[in-house]
Amino acid sequence: MEHVVHHPLPHDVPAEWAARAYVNEAKYLEMYERSIRDPEGFWYEHGSRIDWFTTYTRAKNASFGGPDGGEVSIRWFEDGVTNVAYNCIDRHLDTRGDQVAIIWEGDDPSESKHITYRQLHAEVCRFANVLRNRGVEKGSTVTIYMPMIPEAAYAMLACARLGAIHSVVFGGFSPDSLADRIRDCGSKMVITADEGLRGGRKVPLKANVDAAIAKVGGVDHVVVVRRTGGSVDMEAGRDVYYHEAAEQVTDECPAEHVDAEDPLFILYTSGSTGKPKGVLHTTGGYLVFASMTHQYVFDYHDGDIYWCTADVGWVTGHSYIVYGPLANGATTLMFEGVPNYPTVSRFWEVIDKHKVNIFYTAPTAIRSLMGAGDAPVKKTSRASLRLLGSVGEPINPEAWEWYYEVVGEKRCPIVDTWWQTETGGIMITPLPGATRLKPGSATRPFFGVVPQVVDAEGKVLEGACEGNLVIAESWPGQMRTVFGDHQRFVDTYFSAYKGKYFTGDGCRRDADGYYWITGRVDDVINVSGHRMGTAEVESALVSHPKVSEAAVVGYPHDIKGQGIYAYVTLMQGEEPSESLRKELVAHVRKEIGPIATPDLIQFAPGLPKTRSGKIMRRILRKIAEDEFSALGDTSTLADPAVVDDLIENRQNRA
Ligand code: 6R9
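Worth saying up front: this structure is predicted, and the values here are computed from it rather than measured.

Engineer: I'd like a description of the overall build of the chain, backed by residues and values.
Structural biologist: What the chain contains, in helices and strands, is 21 helices and 30 strands. Against the 2.2 N^0.38 benchmark of 26 Å for 654 residues, the chain shows a C-alpha radius of gyration of 24 Å, consistent with a compact globule. Projecting the C-alpha coordinates of the chain onto the three principal axes gives extents of approximately 75 × 65 × 60 Å. Per-residue burial for the chain yields a buried fraction of 61% across its 654 residues. Within the chain, the 87 negative side-chain charges are centred at a point lying 1 Å from the centre of the 67 positive side-chain charges.

Quick look at the structure:
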């Protein structure tokens, strides 16, 4: 390939991709144009891709408040009645009851399972009955804290079947983080496992739940799935093993009829302020959007084996392991393990073992496997692969090329999919067969998505430009509110640019109309594809008795995309030391979880502040990036001398 990495030329769409794809370029343009000109007609039509107990009479009823800041209200298919679990399971039983719905691949390569749609139906009904017997009903909130085992999907679908609202909390979060999330949504029920298993190591999930409940109270029931058989404390009257409870119930459970705008799930995500937000997604629009994007973006056809490597604790797991694929009657692979266990060939071996056709992963995984060289890839066949996907953060062109050439052997298009917890599904993405690819660009909007690039004042920029990314019109998969705090929803997403959804991302648009996401423009950092508010890490640090003040910024990291750089000012009389550094790292891991582990901690006698006391993060970012020669205007600093000390003792030296 002859293109220059920094100004990549588009890859042409080979005839074979176009021949099997749902849409070619002309069809994409035609459908996209229609979806924007006539959103009501377009979505009215596509809403019928799922089954409804009562059909909607209108598709879209949404307002972003307008330029004067009116009410923000987002409703799709609002008088329709349906059920997500019914759509993901029951409606397939006649045609594909014996087809595999979920392939589960364990952490240990000798363990795997195949679950057909008929078995899935029985498992989910049973799970729903266990929950119903313990008081879960339409509108209840249920916290799910599980490893990557099929029961995680059963539990989610069981909630959906009952019309209950699940809140899945990633198994890597600490008891404190779990406690906050249980408290915020008021769950009386927690579903967990004895222990998780990842990379050969055990994760004490049940013990973490016990510690969380000791802090929050209000939890009446804990359902414990046995995964490792490790011994755990069971509190009589509160805790029950799932396999014991399941013996007491039948495998039939009717699907509740729920309104299109009834909540389906809450998923907590980080923003620029301290407390994670409960992003609320509802039923009808979410499922239409998740299933439609899954079909078109991954060009999913009957019989394909599809694998998304995300964890169900993140939105990617919700939309593209569970809901989108199952709504489409797909075979979806769920992987318990990690990319480098037992060896760095694991992903490729799993692809060969299960003849995976479509593979969707994150740039951080690609970069770390790229670091292990080509040989662990090349020793596997990967002949089944037809399409590759990327999500979670910008993919650098070098990693894109490696993924394309070494993993996909130039046979497979790469779909670089930009979206967010808030958007529910993929927003900007190539469509295989329709879109010429440019390494590093998420390319063009999906149907119904109206991206705009605006400057700091909110002026809409035209043509090739760079600025902040906003979305001008509602789409069905959009979050509806912040659970319990609609004003926060309005303030976070619709106040920076009135009448528009602000994504928090910076973006460039090139002369071909392709979008290049440049990363967050707010105080959110993206570490290995995990979103984290710098304020969350700061509040964890200052909760340590020896810390007086902390400021956290991201810095470029070869594998993780961004690393966590913390500046810490100690309490009077405390001395910096290696052991204190370790103590602080351990403290943050305990407060938030291992994903928030600071990579670098710099002890600073003072932080750069304006005279009004605001920390000048711009300066801290520059120093963390080892770019301190271009600090910009420092004239507003209260005490310019602190900067010299910060530079002198910087931790990230080239
Ligand atoms: C799905 C998911 C959202 C943030 C988003 C952006 C970054 C995700 C991306 C990407 C560039 C892509 N992001 N996909 N940046 N290219 N293809 O990751 O949701 O965890 O909420 O993160 O991730 O910064 O704003 P979430």
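Moving on from the model shown.
Engineer: Would you mind going over the side chain of serine 174 in detail, with residue names and values included?
Structural biologist: Tracing the chain through its elements places serine 174 in the loop between β7 (165-168) and α8 (175-185). A polar side-chain atom of serine 174 sits 3.1 Å from the main-chain carbonyl oxygen of lysine 590.

Engineer: Describe the sheet that holds strand β18 (residues 358-361), listing the residues and the values that go with them.
Structural biologist: Strand order across the open sheet formed by seven strands is β5-β4-β17-β16-β18-β19-β20, with mixed pairing between neighbours. Looking along the sheet, the strands with just one partner apiece sit at the ends: β5 (112-116) and β20 (414-417). Mean inter-strand twist for the sheet, computed between neighbouring axes without regard to direction, equals 20°. Alignment of strand β4 (residues 100-105) against strand β17 (residues 331-335), held across four bridges, turns out to be parallel. Residue pairing for β17: tryptophan 104 is matched across the bridge by methionine 334. Relative to the sheet, helix α13 (residues 346-354) contacts β4, β5, β16 (305-308), β17 and β18, its axis offset from that of β4 by approximately 145°.

Engineer: Would you mind going over the site of the ligand in detail, with residue names and values included?
Structural biologist: Taken together, 17 residues form the shell around the ligand, and within it Asp416, Thr417, Thr421, Asp505 and Arg531 come nearest. Proline 394 is positioned such that a nitrogen or oxygen atom in its backbone is 3.4 Å from a nitrogen atom of the ligand. Take asparagine 526: an N or O atom from its side chain is 3.4 Å from an oxygen atom of the ligand. Starting from 530 Å² of accessible surface for the ligand in isolation, the protein chains cover 96%. Within the shell around the ligand, the residues separate by chemical class into six nonpolar, six polar and five charged.

Engineer: Could you give me a rundown of the packing of helix α2 (residues 25-37) against helix α3 (residues 39-46), with the residues and numbers involved?
Structural biologist: Axis separation between α2 and α3 bottoms out at 5 Å; the angle between their running directions is 115°. By the angle between their axes, α2 is roughly perpendicular relative to α3. Between α2 and α3, the residues in contact are Met31, Arg34, Ser35, Ile36 and Arg37 and Pro39, Gly41, Phe42, Glu45 and His46, respectively.

Engineer: Could you give an account of the UniProt feature "binding site: CoA" (unreviewed entry) in the chain, with specific residues and numbers?
Structural biologist: Summarizing the sequence annotation, UniProt attributes the feature "binding site: CoA" (unreviewed entry) to Arg198, Gly199, Gly200, Arg201, Thr316, Asn340, Ser528 and Arg589 in the numbering used throughout. The greatest C-alpha distance among the residues just named is 23.9 Å, and with 392 residues of sequence between them they are spread in space as well. Following the sequence through the fold, arginine 198 ends up in strand β9 (residues 196-198). Ignoring anything within four residues of it in the chain, the contact list for arginine 198 reads Asp107, Glu336, Gly337 and Val338. Among the structural elements, threonine 316 can be located in helix α12 (residues 315-327). Taking relative accessible area as the criterion, threonine 316 reaches 11% and is therefore assigned buried. If near-sequence neighbours (up to four positions away) are discounted, threonine 316 is found in contact with Cys308, Ala310, Ile321, Tyr360, Val391 and Trp419.

Engineer: Break down the UniProt feature "modified residue: N6-acetyllysine" (unreviewed entry) in the chain for me, citing the residues and quoting the values.
Structural biologist: The UniProt feature table records "modified residue: N6-acetyllysine" (unreviewed entry) at Lys614. By relative accessible area, lysine 614 is classed as exposed at 57%. Not counting residues up to four positions away in its chain, the partners in contact with lysine 614 are Pro608 and Lys609.

Engineer: A description of the domain arrangement of the chain should follow, citing residues and the corresponding values.
Structural biologist: Its domain assignment divides the chain into domain 1 (15-449 + 456-509) and domain 2 (528-649). Averaged C-alpha coordinates put domain 1 and domain 2 at centres separated by 33 Å. Taken together, the contact between domain 1 and domain 2 spans 22 residues of the former and 19 residues of the latter. Note on domain 1 versus domain 2: buried area summed over both sides is about 1,500 Å², and carbon and sulfur give 47% of it. For the domain 1 face of the interface with domain 2, the top three residues by lost area are Ser270, Thr364 and Arg367, together amounting to 28%. The partner of glutamate 422 in a salt bridge is arginine 531, and the shortest N-O contact between them spans 3.0 Å. Counting across the domain 1 and domain 2 interface gives 13 residue pairs in polar contact (both at pLDDT 80 or more). Taken together, the elements giving at least two residues each to the side of domain 1 that touches domain 2 come down to α8 and α14 (363-371). For the side of domain 1 that touches domain 2, the element with the most residues is α14, which contributes three residues. A class-by-class count of the residues in the side of domain 1 that touches domain 2 yields four nonpolar, 14 polar and four charged.

Engineer: I'd like a rundown of the packing of aromatic side chains, residues and numbers included.
Structural biologist: Enumeration according to the criterion identifies 46 aromatic pairs in this entry. Here the aromatic rings of tryptophan 43 and phenylalanine 289 are separated by 6.2 Å at their centres, their planes lie at 55°, and the arrangement is tilted. In this pair, tryptophan 43 sits in helix α3 while phenylalanine 289 sits in helix α11 (residues 284-297), placing the two residues 246 residues apart along the sequence. Judged by relative accessible area, phenylalanine 289 falls into the buried class, the value being 0%.

Reading the values: rules and limits
Residues numbered from 1 in each chain as written. Predicted model: local features only at pLDDT ≥ 70, side-chain atom pairs only at ≥ 80, totals over all residues. Heavy atoms only, no water. Helix = DSSP H or I, 4+ residues; strand = E, 2+ residues; numbered from the N terminus. Rg over C-alpha atoms; globule rule 2.2 N^0.38 Å. Buried < 20%, exposed > 50% of the residue type's maximum accessible area, 1.4 Å probe, protein only. Lys, Arg positive; Asp, Glu negative; His and termini not counted. Charge placed at Lys NZ, Arg CZ, Asp CG, Glu CD. Polar contact = N/O pair within 3.5 Å; in protein donor to acceptor, adjacent residues only side chain to side chain. Pairing = 2+ DSSP bridges. Axes fitted to C-alpha atoms, helices over the stretch in contact; angles between N-to-C directions. Contact = heavy atoms within 4.5 Å. Near = heavy atom within 4 Å. Areas by Shrake-Rupley, 256 points an atom, 1.4 Å probe, with all protein chains shown as cover. Nonpolar A, V, L, I, M, F, W, Y, C, P; charged D, E, K, R; others polar. Parallel < 35°, antiparallel > 145°, perpendicular 65-115°, else oblique. UniProt positions renumbered as here; feature names shortened; annotations may be inferred. Domains from an automatic or database assignment. Buried area = accessible area lost by both parts, 1.4 Å probe. Salt bridge = Lys/Arg side-chain N within 4 Å of Asp/Glu carboxyl O. Phe/Tyr/Trp six-rings, centres within 6.5 Å; stacked < 30°, edge-to-face > 60°.

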